[in-house]
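For reference, the chains in residue letters:
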Protein chains: 2
Amino acid sequence: MAEAVAVDHLAGERSKAQFDVDAMKIVWAGSKHAFDIADRMARLVASDPVFRKDNRTMLERKELFKTTLRKAAHAWKRISQLHLTEEEAMMFRFFVDEPAYVDLHWGMFVPAIRGQGTEEQQKKWLPMAYKMQIIGCYAQTELGHGSNVQGLETTATFDPKSDEFIIHSPTLTSSKWWPGGLGKVSTHAVVYARLITDGQDHGINGFIVQLRSLDDHSPLPGVTIGDIGTKFGNGAYNTMDNGVLRFDHVRIPRNQMLMRVSQVTREGKFIQSDVPRQLLYGTMVFVRQTIVSDASKALSRAVCIAVRYSAVRRQFGSQDGGPETQVIDYKTQQDRLFPLLASAYAFRFVGEWLKWLYTDVTQRLQANDFSTLPEAHACTAGLKSLTTSTTADGIEECRKLCGGHGYLCSSGLPELFAVYVPACTYEGDNIVLLLQVARFLMKTVSRLGSGKQPVGTTAYMVKAPELMQCKCEVQEAKDWLKPTVILQAFEARSVRMAVNCAQNISKAQNPEEGFYELSADLVEAAVAHCQLIIVSKFIEKVEQEIHGHGVKEMLQILCNVYALSLIHKHLGDFISTGSITPKQGALANEQLRSLYSQVRPNAVAMVDAFNYTDHYLGSALGRYDGNVYPKLYEEAWKDPLNDSVVPDGYHEYIKPLLKQNFGVARL
Amino acid sequence: MAEAVAVDHLAGERSKAQFDVDAMKIVWAGSKHAFDIADRMARLVASDPVFRKDNRTMLERKELFKTTLRKAAHAWKRISQLHLTEEEAMMFRFFVDEPAYVDLHWGMFVPAIRGQGTEEQQKKWLPMAYKMQIIGCYAQTELGHGSNVQGLETTATFDPKSDEFIIHSPTLTSSKWWPGGLGKVSTHAVVYARLITDGQDHGINGFIVQLRSLDDHSPLPGVTIGDIGTKFGNGAYNTMDNGVLRFDHVRIPRNQMLMRVSQVTREGKFIQSDVPRQLLYGTMVFVRQTIVSDASKALSRAVCIAVRYSAVRRQFGSQDGGPETQVIDYKTQQDRLFPLLASAYAFRFVGEWLKWLYTDVTQRLQANDFSTLPEAHACTAGLKSLTTSTTADGIEECRKLCGGHGYLCSSGLPELFAVYVPACTYEGDNIVLLLQVARFLMKTVSRLGSGKQPVGTTAYMVKAPELMQCKCEVQEAKDWLKPTVILQAFEARSVRMAVNCAQNISKAQNPEEGFYELSADLVEAAVAHCQLIIVSKFIEKVEQEIHGHGVKEMLQILCNVYALSLIHKHLGDFISTGSITPKQGALANEQLRSLYSQVRPNAVAMVDAFNYTDHYLGSALGRYDGNVYPKLYEEAWKDPLNDSVVPDGYHEYIKPLLKQNFGVARL
Ligand SMILES: Cc1cc2nc3c(=O)[nH]c(=O)nc-3n(C[C@H](O)[C@H](O)[C@H](O)COP(=O)(O)OP(=O)(O)OC[C@H]3O[C@@H](n4cnc5c(N)ncnc54)[C@H](O)[C@@H]3O)c2cc1C
Ligand SMILES: Cc1cc2nc3c(=O)[nH]c(=O)nc-3n(C[C@H](O)[C@H](O)[C@H](O)COP(=O)(O)OP(=O)(O)OC[C@H]3O[C@@H](n4cnc5c(N)ncnc54)[C@H](O)[C@@H]3O)c2cc1C
């Protein structure tokens, strides 16, 4: 966002750009419409003093939490006052940039009722939820069970006498643990519990449970709630009240079980409805698509900071007293930074495509077509895993790329990392997800030639016979610029790794045993498959019509950087499967180096295209104007430790040392 | 440490161990003597309530800092009262486990005077420093310059009239920035500044400068000091007062310039003494050896937590209502965890060897033998880089291995990560260091055949002619267990990568240009060389006499895990240099999998061998007794947010929402 600035230390960089930055902004945003909304919402938030966050990393937990409550309420008020649309409101909340109970209320509680509630239940609960007359959270995970949802221990026992369920926490490990918004705010929760009727266990179902009094907010009888304690980092996710919850025989009416896919009758009979359970997959696809989109935002934010600072920072290489070299000119810096820049764009486009996929899946579901669902489910699981892992690592790499100053909270990077990393764990642990992808791949491989055609992102596997044989035709570095060459290499690698795994599994005593023994290899095969998806979607994007001078060309370059840097990183896969030769690997690396030189003059403009405000970035190093040092200096003095020149504790703990009378002082 | 425990959820695991844990403890500690001291010091610290740290991540900065001052003073007092030896005192401070100004006082200020001061200067300053009548820090880095020390801007201008230096900060970027202990505590500093006599710039030299009054601790006239603000993470390095410092024409006597290697005479003449500047390398070797040793401690601590928790945590796979699978039994978990366990041991042994190297270097220096110094310097730079990078990433991986619970501060892992990561940046940015190693490697390669024999850790390069040609002889998986086979593969890869780089550089217009263009590849060659060093030192260790039932066998297994996991991770290097074939790569992976099965029953015992107290670990997940869940639950309730059931801010920011009257409330 082109703020009015007095100095612009990056003006020289900006003038070097070889493409139309404004046009790139539209591409990044998705459309002119989306750009306008994002731009307007970002400014609205940035100009509102309530949303300041520069002191967030210094506040102690209670104060921090109170400011979050204030921001959440203020955002709600502004959204109403300004009559923002749903799309605008989402953007507005995004730029407020602070995890809070509202995320779970809107992102999990409401969708759970929408997806799993009957029409009647939706009619009863949703209007209250939409108006926030009730605030809800999503209480699934327990102290003892996260990934294995089927292992949850909380019970919901039907009492036919009173037509009620008795919600109970029979063990310590059955305590609900982690739900966001639960600890201090939520009045209600969708609680997942083991349904028991007439002594029979029917597995996990969801129940709407009121937790707190709507009058004075105190927990209802039989309900124990608290916050589960400080989490990683200053500020960061500590604005969220992830909670613990225990039930002591709490009764709720029968009609508070979410009954879309299964019901309990007045008599206590359990009925599985004819609505297929796969319907629930639709919601997962939706949530994970959001996570992929968030990954591109978080990664681009970190990259924006690191690119700008790398252009400002100079170190070594002064000749004849001239200025030193900008660290962005060092090849090692480029080699770490530019693939992340490319990844940010890659994730942006695959996220866009996932949005389409979700619409597609939804329409098919409405037409009772479940055929693409397993593939879509596996694909989103894999993309969630890959993009969040890369983003988490990428943020930390960006922090290191900023040298010592990246370690200061005023760089914005430590908090970004700390707040981001749980994305690798929630909504499915990334390894557990990759194993699901692998399972799907093995199934797909086993069916090859059976007549059942692989669909969607696995469609390329039809070509398995050719792909197992084909030879990469690269002879000189520039051959690596051809999309067909890149695609073939990624497809060959992916198919061959999957087929290798399948063959090795078939050697085992039984498939389960084989899958288990080879699971580390299977995870690598799943990664290969998912990287192929991202590469192919990036290529597809670049093949579309794209407006603006030089925009398409720049994206083409980044697409190649993305693909070739992956080839370099996973060279062992590509060569050992024979998908490329060592010589071709070296040529890919050579081409990559020359692409870096093409990225270099455009790097700052490429991050300007994200259109992030200084408020959103929250970084002294990533400022739009590049005026880094005065800002770092200014921020330092705000630290509470600088309230006094002589620190608290001097008289008790420093002076006695210096005066050598610590023997008598009571240290 | 075998604490007296009521329950031991890990007893079953412990009984499975196939080796003598007590003997392994001695090997880990280095000797019976070292073990006894560590054991005793750890208990002393753990049993002293002043050193509690369970609330550290919840304290706001000022309170946190005050408790650190208290601990530092108390430690000093205890060390004196108990008449601890230097070795004991070091261990004592290590187990206090909290960064503080004392680290810089003992670790940098004192050594700087020892290494760079004349005998006279040492006699004057060291006794005061030893008694802590003065407290010092190491003020080198500035806002504008870290890696490039020669670019520092602070000036020390000799004034012949008064026989003084005038220390001055001419620009904002010349502000000293980062020195630990500077912000709030140090009374003195060794300040690095550009020496100017008679208008001539003589480059960077060190000066002892008093900063604060010894009476009331206020900064002396012309001196501005503050803390540079909050750093990454809760607790963590925020116990340290990294500081900012500006001088406004501050005068110090001429004899406060550290004059061992260069002097300024009364007349203002600059004299380079005949003591070679390389002497200063000796100190670097010492400091970096400490950092490598710390890496093994930090990594082993994270691994200890993750291994124990992975043995306690069960998820999925319950059969017939029996217990679920311990997550440590999943191959993906092993594949992420066991190489880190092996790395912890590998780093421990290479650290031990570095200690020997330092002694060797020191003895040679005393005998005026500088021949091994460049090699020793490059070697320690590379090992510092490699071990700290792996440790930083490894801690975060351990955190992820603990699933959601790893994200809680009570797991101990977030703070460990946050406090550890700057080790990748301070004492030399890891990439800058690897480039130094690469430069040394290129020099070594260029001299091959010139008659000048490569020494020390580069000695294997004499064999370059064979290593460029040799073929790996592995034919079946178990061939990978032979140390000679492993060594040859690592040597071949390393030499070939270095020679490749050298050849590519020689194609460039000039060597500097070539080095710059290829620096990303050079970094990879440097990594390959350093990994070889670690592998070879591990192999050497295992070839020594080692006591205790099964101890040597276990270390042999870990050594192979370390080497083979690196082969798998860097397969592209090994195959593309022709050091091994794809088939041999697959066999290495097969062998690795079967080694994991051998590690599995011994994993818990292998981390018990670190002998860490629960106090030192500071982790609800890593407890010795495995009694994880009650502890997590208990810790949660200590969070300040749980002080009240209804949170601060409810009336202002939650109730108005629920009651739908936020229009009138002043949100
Ligand atoms: C910040 C945050 C917010 C959250 N918000 C919510 C919320 O609002 N509501 C809610 O209900 N929950 C929430 N959660 C919980 C989250 O959904 C779980 O943490 C997540 O599902 C992972 O489960 P786990 O923690 O039990 O990990 P575990 O399953 O215990 O994982 C531990 C280790 O075991 C491995 N592992 C587990 N199973 C297998 C297997 N079958 N094969 C191989 N390896 C395996 C994993 O890879 C991992 O390395 C939140 C968590 C966090 C961190
Ligand atoms: C916690 C902490 C404690 C510290 N304590 C002290 C202390 O007590 N006293 C003290 O004096 N200092 C201290 N420092 C400062 C520390 O020594 C510097 O941060 C460190 O030397 C790195 O320098 P930098 O920050 O200038 O990084 P930069 O050099 O600015 O690095 C930025 C980026 O540029 C790259 N880069 C730089 N030069 C090159 C090159 N030639 N080729 C390729 N890439 C390059 C780096 O790899 C990095 O990615 C501390 C720092 C931290 C974080």
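Cut-offs used in this document
- Residues numbered from 1 in each chain as written.
- Chains lettered and ligands numbered in written order.
- Predicted model: local features only at pLDDT ≥ 70, side-chain atom pairs only at ≥ 80, totals over all residues.
- Heavy atoms only, no water.
- UniProt positions renumbered as here; feature names shortened; annotations may be inferred.
- Core = buried A, V, L, I, M, F, W, Y, C linked by side-chain atoms within 4.5 Å.
- Buried < 20%, exposed > 50% of the residue type's maximum accessible area, 1.4 Å probe, protein only.
- Contact = heavy atoms within 4.5 Å.
- Buried area = accessible area lost by both parts, 1.4 Å probe.
- Salt bridge = Lys/Arg side-chain N within 4 Å of Asp/Glu carboxyl O.
- Polar contact = N/O pair within 3.5 Å; in protein donor to acceptor, adjacent residues only side chain to side chain.
- Nonpolar A, V, L, I, M, F, W, Y, C, P; charged D, E, K, R; others polar.
- Helix = DSSP H or I, 4+ residues; strand = E, 2+ residues; numbered from the N terminus.
- Least-squares fit on C-alpha atoms with pLDDT ≥ 70 in both.
- Pairing = 2+ DSSP bridges.
- Near = heavy atom within 4 Å.
- Areas by Shrake-Rupley, 256 points an atom, 1.4 Å probe, with all protein chains shown as cover.
- Domains from an automatic or database assignment.
- Expected span 1.5 Å × (residues − 1).

The name given to chain A in an unreviewed UniProt entry is Acyl-coenzyme A oxidase, and the organism recorded there is Canna indica. According to the UniProt record, the Cofactor (unreviewed entry) comment for chain A reads "FAD".

A. Quick look at the nonpolar core. With 366 residues, the main nonpolar core has Tyr345 and Trp480 of chain A together with Tyr345 and Trp480 of chain B as its most contacted residues. Sequence-distant contacts of Tyr345 of chain B, that is, excluding residues within four places in its chain, are made with Met24, Trp28, Phe538, Leu555, Leu558, Met606, Ala609 and Phe610 of chain B.

B. Molecular detail of the interface of chain A and chain B. On the chain B side, the residues contacting the 133 residues of chain A number 133 residues. Taken together, the two surfaces of chain A and chain B that pack against each other cover about 11,700 Å², and 63% of this comes from carbon and sulfur. Across the chain A-chain B interface, the total number found is 12 salt bridges. For the salt bridge of Lys62 of chain A with Asp643 of chain B, the shortest nitrogen-to-oxygen distance reads 2.8 Å. Viewed at the interface, chain B and chain A are joined by 60 residue pairs in polar contact (both at pLDDT 80 or more). For the side of chain A that touches chain B, the residue count by class is 61 nonpolar, 36 polar and 36 charged.

C. Seen up close, the UniProt feature "domain: Acyl-CoA oxidase C-alpha1" (unreviewed entry) in chain A. The sites that carry the UniProt feature "domain: Acyl-CoA oxidase C-alpha1" (unreviewed entry) are, in the present numbering, residues 281–442 of chain A. Between the C-alpha atoms that bound residues 281–442 of chain A the distance is 20 Å, and the span itself is 73% helix and 0% strand.

D. Local environment of the relation of the copies chain A and chain B. If you rotate chain A by 180° and push it 0.0 Å along the axis, it lands on chain B with an RMSD of 0.0 Å. Classification of the inter-copy transformation places it as that of a two-fold axis. Looking at chain A, 100% of its interface residues are interface residues in chain B too, so the copies touch through the same face.

E. Highlighting the pairing of strand β5 (residues 188–197) of chain A. All names here are of chain A. Burial analysis of β5 places 10 of its 10 residues in the buried class, the great majority of the element. Where strand β1 (residues 136–139) meets β5, 4 bridges bridge the pair, whose relative direction is parallel. When the bridges of β5 are listed, Tyr138 appears paired with Val190. Bridge analysis of strand β2 (residues 155–159) against β5 gives 3 bridges, and the strand direction is parallel. Of the residues in β5, the one forming a bridge with Thr157 is Ile196. Sheet analysis places β5 next to strand β6 (residues 200–210), joined by 9 bridges and oriented antiparallel.

F. Layout of the site of ligand 2. Looking at ligand 2, there are 31 residues lining it, with Arg313 and Gly404 of chain A together with Thr141, Ser147 and Asp429 of chain B nearest. Residues lining ligand 2 come from chains A and B. The separation between an oxygen atom of ligand 2 and a polar main-chain atom of Leu401 of chain A is 3.4 Å. At 2.7 Å, a side-chain N or O of Asp429 of chain B approaches an oxygen atom of ligand 2. In isolation ligand 2 offers 960 Å² of accessible surface; the protein chains occlude 93% of this area. Mapped onto the shell around ligand 2, the elements with two or more residues apiece are α9 (331–366) and α10 (373–401) of chain A together with α12 (430–447) of chain B. Tallied by class, residues from the shell around ligand 2 come to 15 nonpolar, 12 polar and 4 charged.

G. Just the domain arrangement of chain A, in detail. Domain boundaries in chain A define domain 1 (109–275), domain 2 (280–608) and domain 3 (637–667). Distance from the C-alpha centre of domain 1 of chain A to the C-alpha centre of domain 3 of chain A: 51 Å.

H. A look at helix α8 (residues 279–312) of chain B. Along its 34 residues, α8 of chain B runs 51 Å from first to last C-alpha, staying within 8% of the 50 Å computed at 1.5 Å per residue. By the criterion of burial, α8 of chain B is predominantly enclosed, with 27 of the 34 residues buried.

I. Structural detail: the pattern of salt bridges. Per the stated rule, a full pass over the model turns up 94 salt bridges over all chains. Of the charged contacts, one joins Glu352 of chain A and Lys541 of chain A as a salt bridge, the two residues approaching to 3.2 Å between their closest N and O atoms. Of this pair, Glu352 of chain A sits in helix α9 while Lys541 of chain A sits in helix α16 (residues 519–543); the two residues are 189 residues apart in sequence, bridging distant segments of the chain. Judged by relative accessible area, which is 12%, Lys541 of chain A ranks as buried. With a shortest N-O distance of 3.9 Å, Lys400 of chain A and Asp393 of chain B are connected by a salt bridge. Of the two residues, Lys400 of chain A is situated in helix α10 and Asp393 of chain B in helix α10 (residues 373–401); the pairing between them involves two chains. A residue is classified by how much of its surface remains accessible, and Lys400 of chain A, at 12% relative accessible area, is buried. Taken together, the salt bridges that share partners define one network made up of Lys53, Arg56, Lys71, Asp97, Glu98, Arg301 and Glu415 of chain A.

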